[in-house]
Structures are given as structure tokens and as C-alpha cells.
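Analysis of the macromolecular model
Chain by chain, the residues:
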Amino acid sequence: MSERWQSYELQQVERVPGLDRAIFRERFQGQRPLIVPGGALDSPMLARWDLSYLAQAAGHARVTVAAYPEDRRDFGSIEPREMSLAEFLRGLAQPARDEVRYLFNDPSCVFARNEAITRLHVGWAAALNAGLAPLAADFRVPSFVASEEYVLAVLILGSRDNATALHYDNGGEAKVVVQVRGRKRIILFPPQAAPALRPHTHFRRPEIPGRAGSHAMVDIHAPADASASADAPAGWVAELEPGDVAYWPPFWFHDVENLDDVTMAVGVFVDEVRLPALLLRHTAHLVFQELLAGAAARARGDGAAVQGGSPNVRAGWGVELAVGDRPAGNLAELFQELERTLLATDASDVRGLWEWNGRLGRDR
């Protein structure tokens, strides 16, 4: 079954009741999304979690909330607000008119992690939010997720005022979403759709307006988006009810919209990444940031250790490269060429990277 979504043909995500791990690995893992209807109905979260329970169990926890005053899909306008969970919950029950808030997409939301595998304790999993830790007693990792691939779980709280624009997750984790209260609509496109969805470049000056490099330039919500190509990629759509469990593979583009006044969900990060072009693109971005920062430090002559995203990165823009005594071009332009090459290939094919590397060697 398929339906039109503005300019896009979307099919319903397959619903698989009682999914077991063998079927998941054979038919879905790393391949396509799925919904397990009612897959979490026996979880203590479904029986216990409401605003008053969360306030009582973890209201003192300090969290960083995303606040954005205008476009609810514009990540670029988000301003972080640190507050107690209890304060956020009060605002969720009685929302302010001048500011939309959403508790999601921040390390302060992590309330559980895989304690048995320490190699996974990096990034967001390096430390739990101790104030949210009591909630872990109510959480059950979905049975189709292998124990060695479960990384962490995050709390997601919002309302119908919240949505996210079409993007993929830079970290490369597969995602499982357990819907606890309210409903969500999720629209999904595979990594192979990246050229048609035209994600913003990672390799531009930070002060130039625009969304992050993982966000699509194409607006799938426009009635007839002129920027959508005639061969717009096919995608998937799903609506989650309380108790439903959703899965999508690494680097899938997703657009999420809350449909009710109060929505609660748990996001589960799953470590099953392979080697898609978007992972290579993100890795190149990290290398690019370090090169910019290093170039700025060397220009000052201090060789200071730097962090990506620091003023050193901004100072490194426009650096020119040379191989021996021959100019090799602008660093940003070279990485933009790499980005175009990667996104022009099949998302599971790395040959474009080797071809680009060989051409660079020949041309210089």
C-alpha cells in the first residue's frame, strides 16, 4: 500500500507483530524499516509513565532542552535551555506561547546504557544523566535487538508543537523508537536517496545561514516543491501509537512529527553500522574540521591543541594547500569535491572514494 505525500510516493512501513530476532536479521536489519505493533505494551513504561510519575521519579534531574521560538522544524534556530526535568514537565502541561520546547537530541537525555560492553561507552554513552537513571528500571530493550548491539536509551518528551526536519543521524546508529504516550508520524528515505534529497554540505563557512550538513535541502512538506527532482525517491511512512516500536537502519533520512498534546518516547541507539557513503562523508567532515583548526594553529605558530568547532576552525577557512612547491587548491573545495563524489555513488559503494583519491594523485 502506498500514498502520495506532497511530491513523494510513500509506502507504509511494514508492521510485523511478534517480531523475533531471526526474522529481524534476515529481512530487516540494515535493509529497511519496520514497526512492531504493540511491541512494548508489556513494558513497565507503558503502565507507569505519565507527567506526574516522571516528575516524582526524576524531576530533580538537570536536562538541556531545545528551545526554538519560530519554525518548529528549524534546527538552526534552536537555543539550549538548561533546567530541571520538573520545570520542563510543568511547561509541557502548560505551554508558553512565546517559545516551543522539546526534550530530545542531547546527551542529558541518556537514562540507560549497555553496562556490559564498555567499548560502547563513548560519545553520548560515556556517562549517564544520574538524575534520570531511576527511569532505567522501567525500560526493556526490545527483544529483536541483539544484546551486543544495544548502546543506550534516551528520553524524548514533547508535544504536537514539535517536529524535526528531514535529516540523517551523523553518528551512524540504527534507531529504535518505543512510543510510550501520544502518537508520532515518521517519514523515511534510504541513504541511496541522498543525491535527490540534496543534504546541505558539511564544508561551508559556519557563519553562512543554513541547516546542518545532515539536513535535506528538499522540503518534502511543500505542496509542489520545485527543488524536488522529477525522479523523486520513494520513501516510507508510519504512524506510531502508544506501545508501538519502530526501527530504521543507519543513515536513513527521517522526518518526525508529534501528533498529540503530550508525547513520550524512548530512542534506542543500536550499533550495527556498515560503511555507507554518508558515514564516509561524516568522517571526512571531522577530518576537515581538524585540518582547519590545525592550519589556524600553525599560522599562529603556537601549534596549540584545538577542538573541532572552536574559533580555530573558523580561522582556518580559506587555507590553501600545496604539494611540494605546487599549489593543490583550496581545502574546502577539495572536500566539497569528495562530498559530491560520495553522494553520486551508491550508498553502499566505496569505490567513489578510491577513484577520487586516485584522480587527486594524478591531477597534482
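Note: the structure precedes this text.
The model shown is predicted, which means the values in this text are computed figures rather than measured ones. Within any chain, residue numbers begin from 1 and follow the written order of that chain's sequence. For a predicted model such as this one, the threshold for reporting local features is a pLDDT of at least 70, and the threshold for listing and counting side-chain atom pairs is 80 or more; totals across whole chains, interfaces and linings nevertheless cover every residue. Values reported for side chains reflect all heavy atoms of the structure, with hydrogen atoms and water molecules removed beforehand.

Digging into the nonpolar core
Across soluble globular proteins, nonpolar side chains have a tendency to be buried as a group. Nonpolar core, defined: a set of buried Ala, Val, Leu, Ile, Met, Phe, Trp, Tyr and Cys residues in which side-chain atoms within 4.5 Å join the residues together. Relative accessibility thresholds used throughout: buried, under 20% of the residue-type maximum; exposed, over 50%; partly exposed, between the two (1.4 Å probe, protein chains only). Judged by nonpolar contacts, the single largest core of 70 residues is most densely connected at Trp49 and Phe111. Put simply, DSSP marks the helices as runs of H or I at least four residues long and the strands as runs of E at least two long, and each gets a number from the N terminus on. At eight residues, strand β8 (residues 150–158) tops the list of elements feeding residues into this core.

Considering unusual backbone geometry
Even without glycine at this site, Arg198 takes up a positive phi of about 55 degrees. Tracing the backbone shows Arg198 in the loop between α5 (194–197) and β12 (235–240). For Arg198, a relative accessible area of 33% translates into the label partly exposed. Positive phi outside glycine occurs at Phe251, with the angle close to 65 degrees. Relative to the assigned elements, Phe251 resides in the loop between β13 (245–248) and β14 (253–258). Looking at Phe251, the relative accessible area reads 1%, which means it is buried.

Quick word on the sheet that holds strand β15 (residues 263–270)
Strand order across the open sheet formed by six strands is β3-β13-β10-β15-β8-β7, with antiparallel pairing between neighbours. If you trace the sheet from one side to the other, it starts and ends with β3 (34–36) and β7 (110–113), each paired once. Adjacent strand axes in the sheet meet at a mean angle of 20 degrees when their direction is disregarded. Only strands that DSSP links by at least two bridges are regarded as paired with each other. Angles here are taken between N-to-C directions and fall from 0 to 180 degrees, while the axes themselves are lines fitted to C-alpha atoms, restricted in helices to the stretch in contact.

Overview of the side chain of Ser214
Structurally, Ser214 can be placed in the loop between α5 and β12. Look at Ser214 and you get buried, because its relative accessible area is 6%. Two residues qualify as a contact provided that any one of their heavy atoms is within 4.5 Å of a heavy atom in the partner residue. Among all residues touching Ser214, those that are not within four sequence positions of it are Leu166, His167, Tyr168, Asn170, His202, Phe253 and Arg281.

Focus on the pattern of salt bridges
Note on definitions: salt bridges are taken to be side-chain nitrogens of Lys or Arg within 4 Å of carboxyl oxygens of Asp or Glu. Applying the stated criterion across every chain yields a total of 17 salt bridges. A salt bridge links Lys175 to Asp169; the nearest nitrogen and oxygen atoms lie 3.0 Å apart. Taken as a pair, Lys175 and Asp169 share a single burial class, namely buried. A salt bridge links Arg185 to Glu257; the nearest nitrogen and oxygen atoms lie 3.3 Å apart.

Re the sheet that holds strand β6 (residues 100–102)
Across the sheet, which stays open at both edges, the three strands sit in the order β5-β4-β6 with antiparallel pairing between neighbours. At either end of the open sheet lies a strand with only one pairing partner, and these are β5 (79–84) and β6. Sheet twist, expressed as the mean angle between neighbouring strand axes with direction ignored, is 40 degrees. Alignment of strand β4 (residues 62–68) against β6, held across three bridges, turns out to be antiparallel. For Tyr68, the partnering residue across the bridge sits in β6 and is Val100. Its contacts with the sheet put helix α4 (residues 85–93) on β4, β5 and β6, and the angle it makes with β5 is roughly 110 degrees.

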